[in-house]
Protein chains: 2
Amino acid sequence: MKVAALGGGVGAGRFLRGLARLVPGDDLTVIVNVGDDVRVHGLHVSPDPDSVVYWLGDAFDRERGWGRRGDTFRATEELRAFGAPDAWFSLGDLDLATHLFRTTGLADGVPLSEVTRRIAARFGVGARILPVTDDPLTTRIACRDRATGDRLDLHFQEYWVRRGGVDPVLSIRYEHAERSRPAPGVLEALAAADAIVVCPSNPAVSIGPILAVPGVREALVARRERVVGISGIVGGAPVAGMADRLLPALGVEVSAVGVAAHYREFLAAWVIDERDRDLAPAIERMGVRVGVLDTIMRDDERAEAVARAALALLG
Amino acid sequence: MKVAALGGGVGAGRFLRGLARLVPGDDLTVIVNVGDDVRVHGLHVSPDPDSVVYWLGDAFDRERGWGRRGDTFRATEELRAFGAPDAWFSLGDLDLATHLFRTTGLADGVPLSEVTRRIAARFGVGARILPVTDDPLTTRIACRDRATGDRLDLHFQEYWVRRGGVDPVLSIRYEHAERSRPAPGVLEALAAADAIVVCPSNPAVSIGPILAVPGVREALVARRERVVGISGIVGGAPVAGMADRLLPALGVEVSAVGVAAHYREFLAAWVIDERDRDLAPAIERMGVRVGVLDTIMRDDERAEAVARAALALLG
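Criteria and thresholds
- Residues numbered from 1 in each chain as written.
- Chains lettered and ligands numbered in written order.
- Predicted model: local features only at pLDDT ≥ 70, side-chain atom pairs only at ≥ 80, totals over all residues.
- Helix = DSSP H or I, 4+ residues; strand = E, 2+ residues; numbered from the N terminus.
- Buried ≥ 20, exposed ≤ 12 C-beta atoms within 10 Å, placed from the backbone.
- Contact = placed C-beta atoms within 7 Å.
- Nonpolar A, V, L, I, M, F, W, Y, C, P; charged D, E, K, R; others polar.
- Domains from an automatic or database assignment.
- Arc of directions from axis to C-beta.
- Pairing = 2+ DSSP bridges.
- Axes fitted to C-alpha atoms, helices over the stretch in contact; angles between N-to-C directions.
- pLDDT = per-residue confidence, 0-100.
- Least-squares fit on C-alpha atoms with pLDDT ≥ 70 in both.
- Expected span 1.5 Å × (residues − 1).
- Core = buried A, V, L, I, M, F, W, Y, C linked by C-beta atoms within 7 Å.
- Left-handed = near helix turned anticlockwise from the far one by under 90°.

**Concerning the overall build of chain A**
Step number 1: Counting its regular elements, chain A contains 13 helices and 14 strands.
Step number 2: Reported as C-alpha extents along the three principal axes, the dimensions of chain A are approximately 55 × 45 × 40 Å.
Step number 3: Put simply, chain A has 315 residues, and 55% of those count as buried.
Step number 4: At a minimum sequence separation of 6, the contacts of chain A that also span at least 24 residues come to 69%.

Below, the structure is given as structure tokens:
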């Protein structure tokens, strides 16, 4: 059974630990958001592809919620002592190796997708990890400075990491998306998959940039009957992250129903948490099958159960 | 009293600890070799300027003989796990911050001399640390592969760090030197100095590249009466480093006399170790005054004594 998953960040990583148990090796392709990618100290940092690799390679720091387990921050602390302009973005010392390896590869003309493949191989990840595009694509947040009321136009990382996500969001855009092309293998994986899984990732800044790459949304719509998603919104709030602050800017209600409606064009089935059981009828009225279970993935066993339920919904 | 010193590497750093005690603050200008500069993982690494800054900022690892005291090598070990092509060149995690700061500065168009000034400021170094040039200048070693006999043309770091300095040396050249210009302040410091001190650094790969920058040798010759050097060769062998393997390629005898003869065009006075006392007459016959004392700089006190003797020789 071949599965293609779309995702990025913690919600995806946690879930993919379970999915990879059911779909071993390169029968699983993960198409990952690159809208968060950012240059830090001149290095190309790919937070979502790295998170997915670190999760699947069992190198992720689950307690910290980002970066590599057992990492230290000596270089970053030093860069703060230098007054380096990018020192607000912490990079672990082990993590730096990933960014140096990626940046030198890109400088040598190796595409991001191939560099990512090499990084995944170093961590022993059997699944194919594909950045959605090898081209530039940046999520930008227009917001109001909470203190001054000034309009700001920020890289997603500036909005979230530097400023703590406190500024009221006006709109979200996926810069350069219209000119980007799917990375080699992305459309092929979507066409060949027996199941396409939308991970419980942030619809605005993890799934949104993936769908903004021309051809990807169309591929999902064309294969709607094989698409299942897992709601990352439980009880009206995101299990992790800042989706509650971003979804309203897209006109999406912060609920398992709201996100299903946002995805309905390509969604055949939707997994929601048992606490949202009462929302099932509203989702089913959209023509979307619903699975209900405990979706809080405390460990890999729970993640596997959620993945099994999602695949089962496709019949 | 204003002093300009020429040097690079361990011999210079050790000595400059003493000289800076006698010539505090920015009355001391150190003109530093950049022929060892090398790109590692895409980063601009300046071994000699960093060594001088770390020595004067009391951050140098005296036991290891390079890099920062208390450094760790987690990122470099990770890069080895990636199979990164430059992983033969170890960069400490703290040291990486210096290289990231330098590389981003250069990418933003800041000249190497200004980036170096900022790095020195971060380490509280009062002396002015000037790379001899802001332009590209690379020391290259032509040698025979010890195993195969093939002719090799290597960056100095490949010859020394990667291959361990074991290949018989044929010749040394300072690539791009003829097109380089002295960094802002270099010729001014040489013109204004009450004393010009040639540190006990490797004549072939530390002092040689400095003299190869058009205008620098001429400035020393013009001020010959104010130039004193300290021999880094004691008892026919270098106190540190690989000068013994390189000097023959320049036709220079590996002795305190040989190096004095190599420098005689601009040398008024030469400090040699007491073990080389019998060489004094041969040096004096070249028209060079000689100072004799214990030049092994076990600590800053000995370094200060050597510096005092050197300055005293100029009268």
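**With respect to the interface of chain A and chain B**
Step number 1: Tallying the contact residues gives 20 residues for chain A and 20 residues for chain B.
Step number 2: When residues of the side of chain A that touches chain B are traced back to their parent elements, those giving at least two are helix H3 (74–81) and helix H4 (93–107) of chain A.
Step number 3: In terms of residue count, the dominant contributor to the side of chain A that touches chain B is H4 of chain A (nine residues).
Step number 4: The residue inventory of the side of chain A that touches chain B, partitioned by class, reads 11 nonpolar, five polar and four charged.

**Quick word on the domain arrangement of chain A**
Residue and element names in this part refer to chain A.
Step number 1: Segmentation of chain A into domains returns domain 1 (138–174) and domain 2 (179–313).
Step number 2: Computed over C-alpha atoms, the centres of domain 1 and domain 2 are 25 Å apart.
Step number 3: Contacts between the two partners involve nine residues from domain 1, matched on the other side by 10 residues from domain 2.
Step number 4: Counting only elements with at least two residues in the side of domain 1 that touches domain 2, the list comes to helix H6 (156–162) and strand E8 (169–175).
Step number 5: Per element, the largest residue contribution to the side of domain 1 that touches domain 2 is five residues, and it comes from E8.

**Some points on helix H5 (residues 112–122) of chain B**
Residues and elements named next belong to chain B.
Step number 1: When H5 is considered as a whole, its buried residues turn out to be Leu112, Ser113, Val115, Thr116, Ile119 and Ala120. Angular distribution of buried residues about the axis of H5 spans 160 degrees; they occupy a single face of the element.
Step number 2: In this fold, the buried residues of H5 make contact with helix H2 (47–56), helix H4 (93–107) and strand E5 (128–131).
Step number 3: Immediately beyond the C-terminal end of H5, within one or two residues, lies glycine 124, with a positive phi of roughly 70 degrees.

**Examining the sheet that holds E5 of chain B**
All names here are of chain B.
Step number 1: In space, the seven strands of this open sheet follow the order E5-E2-E1-E9-E10-E13-E14, with parallel pairing throughout. Every interior strand has two partners, whereas the edge strands, E5 and strand E14 (289–293), have only one. On average, adjacent strands in this sheet sit at an angle of 20 degrees to one another, irrespective of strand direction.
Step number 2: Where helix H13 (residues 300–313) meets the sheet, it contacts strand E9 (195–198), strand E10 (227–230), strand E13 (269–273) and E14, and its direction lies at approximately 160 degrees from that of E14.

**Comments concerning the confidence of the model for chain A**
Any region with low pLDDT has predicted coordinates that should not be read closely.
Step number 1: Counting all residues, the mean pLDDT for chain A is 96, and 100% of those residues have values of 70 or more.
Step number 2: Predicted complex, confidence summary: ipTM 0.89, pTM 0.93.

**A closer look at the relation of the copies chain A and chain B**
Step number 1: Structural alignment of chain A on chain B gives an RMSD of 0.0 Å, achieved by rotating through 180 degrees and translating 0.0 Å along the axis. Here the symmetry operator amounts to a two-fold rotation axis. The rotation axis passes nearest to the C-alpha of aspartate 93 of chain A in chain A, at a distance of 3.2 Å.

**Overview of the sheet that holds strand E6 (residues 138–144) of chain A**
All names here are of chain A.
Step number 1: Here three strands make up an open sheet; going across it, the order is E7-E6-E8 and the pairing antiparallel. Either end of the sheet is taken by a strand with one partner, and the two such strands are strand E7 (151–155) and E8. Across the sheet, the mean angle separating the axes of adjacent strands is 20 degrees when strand polarity is ignored.
Step number 2: One ladder, built from five bridges, connects E6 with E7; its direction is antiparallel. Each bridged residue has a counterpart across the sheet, and for arginine 140 the counterpart in E7 is histidine 155.

**So, helix H1 (residues 9–22) of chain A**
Residues and elements named next belong to chain A.
Step number 1: The end-to-end C-alpha distance of H1, which contains 14 residues, comes to 20 Å, matching closely the 20 Å that a straight helix rising 1.5 Å per residue would cover.
Step number 2: Of all 14 residues in H1, 12 are buried, a share of seventy percent or more.
Step number 3: The complete set of buried residues in H1 reads Gly9, Val10, Gly11, Ala12, Gly13, Arg14, Phe15, Leu16, Arg17, Gly18, Leu19 and Ala20.

**Observations concerning the nonpolar core**
Step number 1: Counting 210 residues, the largest nonpolar core has Ala5, Leu16 and Ile31 of chain A together with Ala5, Leu16 and Ile31 of chain B as its most contacted members.
Step number 2: Not counting the four nearest positions on each side in its chain, isoleucine 31 of chain B is found in contact with Ala4, Ala5, Leu6, Leu130, Val132, Val186, Ala189 and Ile210 of chain B.

**Topic: unusual backbone geometry**
All names here are of chain A.
Step number 1: Non-glycine residue aspartate 58 carries a positive phi angle of around 55 degrees.
Step number 2: Here aspartate 58 shows up in the loop between helix H2 (47–56) and H3.
Step number 3: Overall, aspartate 58 belongs to the partly exposed group, with 13 C-beta atoms counted inside 10 Å.

**Quick notes on the packing of H4 of chain A against helix H5 (residues 112–122) of chain A**
All names here are of chain A.
Step number 1: Interhelical geometry of H4 versus H5 gives an angle of 145 degrees and a closest axis separation of 9 Å. Where H4 crosses over H5, the two elements pack in a sense that is right-handed. Contacts between H4 and H5 involve Thr98, Phe101, Arg102, Gly105 and Leu106 on the former and, on the latter, Leu112, Val115 and Ile119.

**Regarding the environment of methionine 242 of chain A**
All names here are of chain A.
Step number 1: Relative to the elements of secondary structure, methionine 242 occurs in the loop between strand E12 (237–238) and helix H10 (243–246).
Step number 2: With 17 C-beta atoms counted inside 10 Å, the residue methionine 242 sits in the partly exposed group.
Step number 3: A C-alpha to C-alpha distance of 9.4 Å links methionine 242 and valine 205, two positions 37 residues apart in sequence.
Step number 4: If near-sequence neighbours (up to four positions away) are discounted, methionine 242 is found in contact with Trp160 and Gly165.

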